[in-house]
Amino acid sequence: MNEPANEPAATALRTVSHDLPITPEFERFMAGGWAATPLPGDIRLPVADLAAARRAKLSARFPGERLLVPAGELTVRSNDCDHRFRPHSAYAWLTGLTGEEQAGHVLVMEPDGPRGHEAVLHLRPRSPRVGEEFYRDRRYGEFWVGRRPDLAEAERMTGIRCTALGSLPPGRDASTDAELASVLSELRLVKDAWEVEQLQLAVDHTAAGFEDVVRALPRALAHPRGERWIEGVFGLRARAEGNGTGYETIAASGAHACVLHWIRNDGPLNPDELLLLDAGVETDTLYTADITRTLPLSGRFSPVQRQVYELVLAAQEAGIAALKPGASFRDFHRAGMRVIAEGLVDWGVLADAEGDFHRRYTLCSSGHMLGLDVHDCAQARADAYLDGVLEEGQVLTVEPGLYLQPDDETLPPELRGIGVRIEDDLVITAEGARLMSGALPRTPDAIEAWMGELLAG
């Protein structure tokens, strides 16, 4: 049932077989008696001017070429129910439009001689009050999914010329053109001040969500699927303060913490074990935080849990210390992994710290860019990102971890089944890096004190 981006909206009416038939008399009745409901005049997006500057940067990279940046299409979840829609990050970055009503829309950058490009938004306008779309179309109709701006309103919001969605001209399509996708990622690597503010807002809401989780631990511990209770508590904060979660919440207790992307979240909580919570609130502007804390479900770390936690924390501290403009992107990972490898030698798990044998227990890299996507700018070419250098204004995570599998016979029994990750969000500054998520404690003593205060309250 997905409507192609170049198909007129009028042909995409979604009804179902059990809908009642429409008589001509009823159709005439529905076409009249509606009051005008225009949007207010002051609806220009706060980010509209920044988005125009971003489009100018893109224009300079592809002179004389037509560029298409689609918002993306709705995807069926089950039968006539779609997944909640989120516009593609490049489309949101270039237009400032972030709502669910953007499904199917396309930004076209038309070559415009010496001026570079003219931006044109191809949109599905507001449902007209004649015909069946506005009250019968379950996918796009106003009475089913809410109001869309009309073309004039969309132009006032964005400062971009808007036209009704129809057949699209050929050109480079960000959905299929690898070079265009790479350039769009690379242009987003350095955040402007507004983007950093949005990311800080996401971090602050996420910190509040972690506090909610700690307060909810007594009820979660009593539930047979306590992990899911944790997920739900954080999800409430995410939906109340923003667009939702920026990615599926990882609420992993005990050995589940050794599964890097544990999102089943169907296990119980044991007070003798740790909870690894990896979660982020996505703002209404679609910028997401990405924070992980590993918490003792009893409120206090056991000696062996503290041992593992303190090694991961030392690795994170070493990684953070390596962040500065001009440093290789990979430097912070190397610094953290050196600490991990040496710690594993001290524990007698490894014979020496050389080579890559520590990767059996760490599994993945120690961080990534952060922004509109949780793994931001992933289409950027290696020389601009993974093999590049850090620049002021970039935002990234530092998240070393140890994942000591429950069936790993290279480990002493007391270490098996413990998973610890500590993840924080940082922005590169002229002096080094600023910890954006410092409101959440990181040391074992501070975590125990923080949990104690929240549970006592």
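So, here is what we can say about the structure in this document. (Residues numbered from 1 in each chain as written. Predicted model: local features only at pLDDT ≥ 70, side-chain atom pairs only at ≥ 80, totals over all residues. Heavy atoms only, no water.)

## Regarding the overall build of the protein
- Secondary structure summary: the protein contains 14 helices and 17 strands in total.
- A compact globule built from 457 residues should have a C-alpha radius of gyration of about 23 Å, and the protein, at 25 Å, falls within 12% of that.
- The principal-axis extents of the C-alpha atoms in the protein amount to approximately 80 × 55 × 35 Å.
- Taking all 457 residues of the protein together, the buried fraction comes to 51%.
- Long-range pairs, those at least 24 residues apart, make up 71% of the contacts in the protein with a sequence separation of at least 6.
- As displayed, the protein has an accessible area near 20200 Å², and 53% of this comes from carbon and sulfur atoms.
- Averaging the positions of the 46 positive and the 70 negative side-chain charges in the protein gives two centres separated by 4 Å. (Helix = DSSP H or I, 4+ residues; strand = E, 2+ residues; numbered from the N terminus. Rg over C-alpha atoms; globule rule 2.2 N^0.38 Å. Buried < 20%, exposed > 50% of the residue type's maximum accessible area, 1.4 Å probe, protein only. Contact = heavy atoms within 4.5 Å. Areas by Shrake-Rupley, 256 points an atom, 1.4 Å probe, with all protein chains shown as cover. Lys, Arg positive; Asp, Glu negative; His and termini not counted. Charge placed at Lys NZ, Arg CZ, Asp CG, Glu CD.)

## Regarding the packing of aromatic side chains
- Going through the model one piece at a time under the given rule, you end up with 10 aromatic pairs.
- Centre to centre, the rings of Trp 34 and Phe 143 are 5.5 Å apart; their planes meet at 65 degrees, and the pair counts as edge-to-face. Of this pair, Trp 34 sits in the loop between helix 1 (24-30) and helix 2 (48-61) while Phe 143 is found in helix 5 (residues 142-145), placing the two residues 109 residues apart along the sequence.
- For Phe 143, a relative accessible area of 43% puts it in the partly exposed group.
- Here the aromatic rings of Phe 329 and Tyr 385 are separated by 5.0 Å at their centres, their planes lie at 75 degrees, and the arrangement is edge-to-face. Taken together, the positions of Phe 329 in the loop between helix 11 (303-321) and helix 12 (331-346) and Tyr 385 in the loop between helix 13 (359-362) and strand 13 (395-398) put the pair 56 residues apart, joining distant regions of the chain. Taken individually, Phe 329 and Tyr 385 each receive the classification buried, so the pair is uniform in this respect.
- Members of the aromatic cluster, each reached through a chain of ring pairs, are Phe 26, Trp 34, Phe 134, Tyr 135 and Phe 143. (Phe/Tyr/Trp six-rings, centres within 6.5 Å; stacked < 30°, edge-to-face > 60°.)

## Things to note about the sheet that holds strand 13
- Read from one edge to the other, the open sheet built from 3 strands follows the order 13-16-17, with strand pairing classed as antiparallel. Either end of the sheet is taken by a strand with one partner, and the two such strands are strand 13 and strand 17 (433-435). Each neighbouring strand pair of the sheet contributes to a mean axis angle of 35 degrees, computed without reference to strand direction.
- Pairing analysis gives 4 bridges linking strand 13 to strand 16 (residues 424-428), with the strands arranged antiparallel. Of the residues in strand 16, the one forming a bridge with Val 395 is Val 427. (Pairing = 2+ DSSP bridges. Axes fitted to C-alpha atoms, helices over the stretch in contact; angles between N-to-C directions.)

## Looking at the pairing of strand 4 (residues 106-111)
- Across the 6 residues that make up strand 4, a large majority, 5, are buried.
- Examined bridge by bridge, strand 1 (residues 67-70) and strand 4 share 4 bridges and lie antiparallel to one another. Among the inter-strand pairings, Val 69 is bridged to a residue of strand 4, identified as Leu 107.
- With 6 bridges joining them, strand 4 and strand 5 (residues 117-123) adopt antiparallel strand pairing. In the sheet register, Met 109 faces strand 5, and the bridge partner there is Ala 119.
- If you look at the hairpin formed by strand 4 and strand 5, you'll find 5 residues sitting between the two strands, and Gly 113 has a positive phi there, around 55 degrees.

## Remarks on the pattern of salt bridges
- Within this structure, the stated rule accounts for 38 salt bridges.
- Here Arg 66 ties to Glu 110 by a salt bridge, and the two come within 2.9 Å at their closest N and O atoms. With a gap of 44 residues between them, Arg 66 in the loop between helix 2 and strand 1 and Glu 110 in strand 4 connect regions that are remote in the sequence.
- Linking Arg 442 and Glu 317 is a salt bridge whose minimum nitrogen-to-oxygen distance equals 3.1 Å. On the criterion of sequence distance, the pair formed by Arg 442 in the loop between strand 17 and helix 14 (444-456) and Glu 317 in helix 11 is long-range, its members being 125 residues apart.
- Taking relative accessible area as the criterion, Glu 317 reaches 36% and is therefore assigned partly exposed.
- Connected via shared salt-bridge partners are Glu 211, Asp 212, Arg 215, Arg 237 and Glu 241. (Salt bridge = Lys/Arg side-chain N within 4 Å of Asp/Glu carboxyl O.)

## Some details on the side chain of Glu 423
- By the element assignment, Glu 423 lies in the loop between strand 15 (418-421) and strand 16.
- Those residues in contact with Glu 423 that lie beyond four places of it in its chain are Asp 278, Asp 290, Ile 291, Thr 292, Arg 293, Gln 316, His 368, Thr 397, Val 398 and Glu 399.

## Points about the state of the cysteines
- Under the criterion given, the structure shown has 0 disulfides.
- Residue Cys 364 stays outside any disulfide, its sulfur separated by 12 Å from that of Cys 258, the closest cysteine.
- The exposure class assigned to Cys 364 is partly exposed, which follows from its relative accessible area of 33%. (Disulfide = S-S within 2.5 Å.)

## Section: the sheet that holds strand 5
- Strand order in the open sheet formed by 5 strands is 6-5-4-1-7, with mixed pairing between adjacent strands. The outermost strands of the open sheet, each flanked by one partner alone, are strand 6 (161-164) and strand 7 (172-173).
- Set on the sheet, helix 2 makes contact with strand 1, strand 4 and strand 5; between it and strand 4 the angle comes to about 50 degrees.
- Across the face of the sheet, helix 6 (residues 151-158) comes into contact with strand 5 and strand 6 while running at roughly 150 degrees to strand 6.

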